[in-house]
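If you want the building blocks of each chain, they are given just below.
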Amino acid sequence: MKSGRAVDELEWALTVSPDPKAAAFFDVDNTMMIGASIFHFAKGMAARDFFTWRDLATFMARQVRLRLRGEHPDDLHTTRESALAFVAGKKVEEIVALGEEIFDEEMADKIWRGTHALARLHLDAGQRVWLVTATPVELATIIAQRLALTGALGTVAESEDGVYTGRLVGDVLHGEAKAAAVRKLAALEGLDLAFCSAYSDSINDLPMLSLVGRAVAVNPDSALRAEAKRRGWEIRDFRTGRKAARIGIPTALGIGATAGGVAAGLAVRRARRLEAEAAAVPPPTAGAMLRAALLRR
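Keep in mind that this is a model prediction, so the values were computed, not measured. (Residues numbered from 1 in each chain as written. Predicted model: local features only at pLDDT ≥ 70, side-chain atom pairs only at ≥ 80, totals over all residues. Heavy atoms only, no water.)

Undergrad: What's the story with the sheet that holds strand β3 (residues 151–160) in this structure? I'm lost.
TA: In any sheet, the strands associate via hydrogen bonds between backbone groups, in a parallel or an antiparallel arrangement. Spatial strand order, β4-β3-β2-β1-β5-β6-β7: seven strands in an open sheet with mixed pairing. Every other strand in the sheet has two partners, leaving β4 (163–169) and β7 (234–236) as the edge strands with one partner each. Here the average twist between neighbouring strands, direction ignored, is 30°. Direction of pairing for strand β1 (residues 23–26) relative to strand β5 (residues 197–200): parallel, over a ladder of three bridges. (Pairing = 2+ DSSP bridges. Helix = DSSP H or I, 4+ residues; strand = E, 2+ residues; numbered from the N terminus. Axes fitted to C-alpha atoms, helices over the stretch in contact; angles between N-to-C directions.)

Next up, the structure:
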């Protein structure tokens with residue numbers, strides 16, 4: 001048995017001194033997580049009857065279109081607004097509790113292990129690690145907590161007296177807004193951005209990536225891959241199947257596959273509603289959505 005002194009010496013030897021000036025900033029969707037975190041959350045909400053399968057199909061189709069056409073800020077704002085509308089009138093603490101359940105059920109196995117390992121390397125070096133995402137900040141914070149990261153910056157949903165209004169506070173955290181949030185955080189935390197790192201899959205995060213001393217393209221879209229090569233940035237691609245990477249629709253693939261699971265999982269509930277929704281058009285299948293997505297390119 002080791003003596004108390006030996007244990008103390010071992011713990012001291014393994015202790016890493018904090019690096020007060022350096023940190024890492026990670027995007028979430030397709031960077032830290034396979035697919036769109038807000039969609040996985042919406043799927044979990046649908047399974048709990050917070051909205052109908054038709055609502056989910058509409059949201060899913062919008063997500064696919066968004067990814068294929070590119071993330072224009074106006075489109076992204078509309079998509080996030082529609083997602084937040086699902087929780088309007090709900091208590092914040094209730095949604096946060098559900099978010100924790102949904103992460104364990106729908107998201108935990110969708111974390112890119114390679115990206116998480118990169119985040120752990122920063123933590124092991126004594127640096128802080130933040131998620132920076134357009135996802136609602138409550139959900140982003142849950143993901144950060146589950147992954148044992150420092151914290152998260154995300155889109156803020158308005159609430160009054162602990163109840164969501166369904167509106168946003170300020171802008172969606174996207175593009176230049178992400179860069180502004182990182183600058184503000186760096187000033188508050190005393191970080192030197194020249195010693196910081198940033199990770200993303202999207203060309204839309206170029207403002208954030210350009211802020212730091214070390215930018216890394218993770219599972220990059222074609223535009224970011226080209227820009228990363230031009231600037232000499234690192235590229236880390238954890239996806240399997242280079243065809244998916246070439247055509248640039250990893251999110252559409254993930255959403256399409258998930259759509260099949262959603263349709264199956266909600267079949268019983270849909271049957272119960274069949275009489276009331278007899279005139280409704282059934283949700284698209286995963287195969288149909290992927291074929292339509294590919295034809296639009």
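There is more to say after this.
Undergrad: How should the packing of aromatic side chains be read in this particular structure?
TA: In the structure shown here, the tally under the stated rule is two aromatic pairs. Aromatic pair F25 and W130: ring centres 6.2 Å apart, planes at 20°, arrangement stacked. One end of the pair, F25, is in strand β1; the other, W130, is in strand β2 (residues 128–136), and 105 residues separate them in sequence. Classification of F25 as buried rests on a relative accessible area of 0%. A relative accessible area of 7% places W130 in the buried class. When the ring of F26 is compared with that of Y199, the centres are 4.1 Å apart and the planes differ by 5°; the resulting orientation is stacked. Of the two residues, F26 is situated in strand β1 and Y199 in strand β5; the sequence distance between them amounts to 173 residues. For F26, a relative accessible area of 0% translates into the label buried. In this structure Y199 comes out as buried when scored by relative accessible area, which is 1%. (Phe/Tyr/Trp six-rings, centres within 6.5 Å; stacked < 30°, edge-to-face > 60°. Buried < 20%, exposed > 50% of the residue type's maximum accessible area, 1.4 Å probe, protein only.)

Undergrad: Quick question: what am I supposed to make of the confidence of the model for the chain here?
TA: The predicted structure's coordinates, where accompanied by low pLDDT, should not be read in detail. For the chain, the average pLDDT comes to 77, and 63% of its residues sit at 70 or higher. Note that residues 242–297 has pLDDT below 50 and, in this model, 67 contacts with residues that lie over four places away or in other chains. (pLDDT = per-residue confidence, 0-100. Contact = heavy atoms within 4.5 Å.)

Undergrad: For this particular structure, what's the right way to read the side chain of D27?
TA: Within the secondary structure layout, D27 lies in the loop between β1 and α2 (37–47). Classification of D27 as buried rests on a relative accessible area of 6%. A polar contact of 2.9 Å, which involves the side chain of D27, links it to the side chain of T31. A polar side-chain atom of D27 sits 2.8 Å from a polar atom in the side chain of K178. (Polar contact = N/O pair within 3.5 Å; in protein donor to acceptor, adjacent residues only side chain to side chain.)

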